Amino acid sequence: MNLLRKAALVSAVLLLPAIVSGQQEREKFDRGIENSVFVPKGQWIMGGSFSYGENTADNYELFSVIDDIRGTNYSFKVSPYIGYFIKDNLCIGARFGYTRSMIKLNSTSINISDDLNFSIENFYNLRHVYSGSAFMRNYISFGKSKTFAFFNEVRLTAGGGQGKQISGTGDNLTGTYQDILEMELGIIPGFTVFIANEVAVEASVNVLGFSYKKYSQTRDRIYEGSFEHSGVDFKVDIFSINIGVSFYFDRLNLMRPFNKKRER
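Rules behind the numbers
Residues numbered from 1 in each chain as written. Predicted model: local features only at pLDDT ≥ 70, side-chain atom pairs only at ≥ 80, totals over all residues. Heavy atoms only, no water. Helix = DSSP H or I, 4+ residues; strand = E, 2+ residues; numbered from the N terminus. Buried < 20%, exposed > 50% of the residue type's maximum accessible area, 1.4 Å probe, protein only. Contact = heavy atoms within 4.5 Å. Areas by Shrake-Rupley, 256 points an atom, 1.4 Å probe, with all protein chains shown as cover. Pairing = 2+ DSSP bridges. Core = buried A, V, L, I, M, F, W, Y, C linked by side-chain atoms within 4.5 Å.

Under an unreviewed UniProt entry, the name given to the protein chain is Outer membrane protein beta-barrel domain-containing protein, and the source organism is Candidatus Egerieousia excrementavium.

Caption draft 1: Region of interest: the overall build of the protein chain. Counting its regular elements, the protein chain contains 1 helix and 10 strands. Starting at the N terminus, the α and β elements of the protein chain follow one another as α-β-β-β-β-β-β-β-β-β-β. In the protein chain, which comprises 264 residues, the proportion classed as buried is 27%. The long-range share in the protein chain, meaning contacts at least 24 apart out of those at least 6 apart in sequence, stands at 64%. Element-wise, carbon and sulfur atoms account for 59% of the exposed surface of the protein chain, whose accessible area totals about 17,900 Å².

Caption draft 2: Region of interest: the pairing of strand S7 (residues 199-204). Among the 6 residues in S7, 5 count as buried, and that is most of the element. In this sheet, S7 lies alongside strand S6 (residues 174-194) in antiparallel orientation, the contact comprising 5 bridges. Within S7, the residue paired with Thr 192 across the bridge is Glu 202. Taking the residues between adjacent antiparallel strands as the criterion, S6 and S7 are bridged by 4 residues. As paired strands, S7 and strand S10 (residues 242-249) are joined by 6 bridges and run antiparallel to one another. Considered in S10, the bridge of Val 201 is made with Val 245.

Caption draft 3: Looking closely at the pairing of strand S2 (residues 66-87). Where strand S1 (residues 44-62) meets S2, 17 bridges bridge the pair, whose relative direction is antiparallel. Note on S2: the bridge partner recorded for Gly 48 is Pro 80. Counting the residues that bridge the hairpin from S1 to S2 gives 3 residues, and of these Phe 63 lies at a positive phi of roughly 55°. Two strands pair when backbone bridges link them, and S2 and strand S3 (residues 90-111) are joined in this way by 17 bridges, in the antiparallel orientation. Paired with Val 78 across the bridge in S3 is Tyr 98. Hairpin geometry of S2 and S3 is characterised by an intervening segment of 2 residues between the two adjacent antiparallel strands and by a positive phi of about 70° at Asn 89.

Caption draft 4: Representation of the nonpolar core. Ranked by internal contacts, the top residues of the largest apolar core, which has 13 residues, are Phe 38, Ile 45, Phe 85, Tyr 139 and Tyr 248. Looking at this core, the elements that each hand over two or more residues are S2, strand S4 (117-141) and strand S5 (148-167). Not counting residues within four places of it along the chain, the set of residues in contact with Phe 85 comprises Val 39, Pro 40, Lys 41, Gly 42, Gln 43, Ile 45, Leu 90, Cys 91, Tyr 139 and Tyr 248.

In structure tokens, the structure reads:
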């Protein structure tokens, strides 16, 4: 037993310098990552994004299943925002959004098989939603670059709107009215590239978010119904890519860009 104790003691004494040396090496290891100041404290940021799309179809066929498509649709979205840098590279702000979409389908035929086919005629759908958001954005500079940086944004959004659907004609005319409520807490990463000293182009995409939606509807002013949905998404949605332009202003005067030139 004494022999074992002596052996353990000698081993500990011999291994102690190696352990201390390894600990010192770990403490001295540095990856050299520097997070330099990309946007200084006290700056303001203003900007926004805009999108519009329109489609028209006349006797159009899709996948040999849907044919005789005749109609039109459009979608419109605008989202201005403003923010203030409470710390270097850290911004808080507010965003306003408006979305409007319309679908007018004069006619279409859906042919799944010889025994299963149907048609849709005189369908009209209009929807618009207002929203407001509070956000916090943190910039991570790419090395010591003053023109390019990544950012991560946490955004809390609440919105509401209305929608209506009309289908049929004459005695077969039917209509549905909707009240819309939407809430979302999301994480939106992206990057910023300065094309001038005070002007930058930004791109971002929704990655992670919790959403809640509620639709209350009334059909033909008689029948009432509702639908609720909540969920968590963790995915890259290529259809939610946002591209916009931002303007950065000096702390003293929002109408005067800061004079300090950016260096690459």
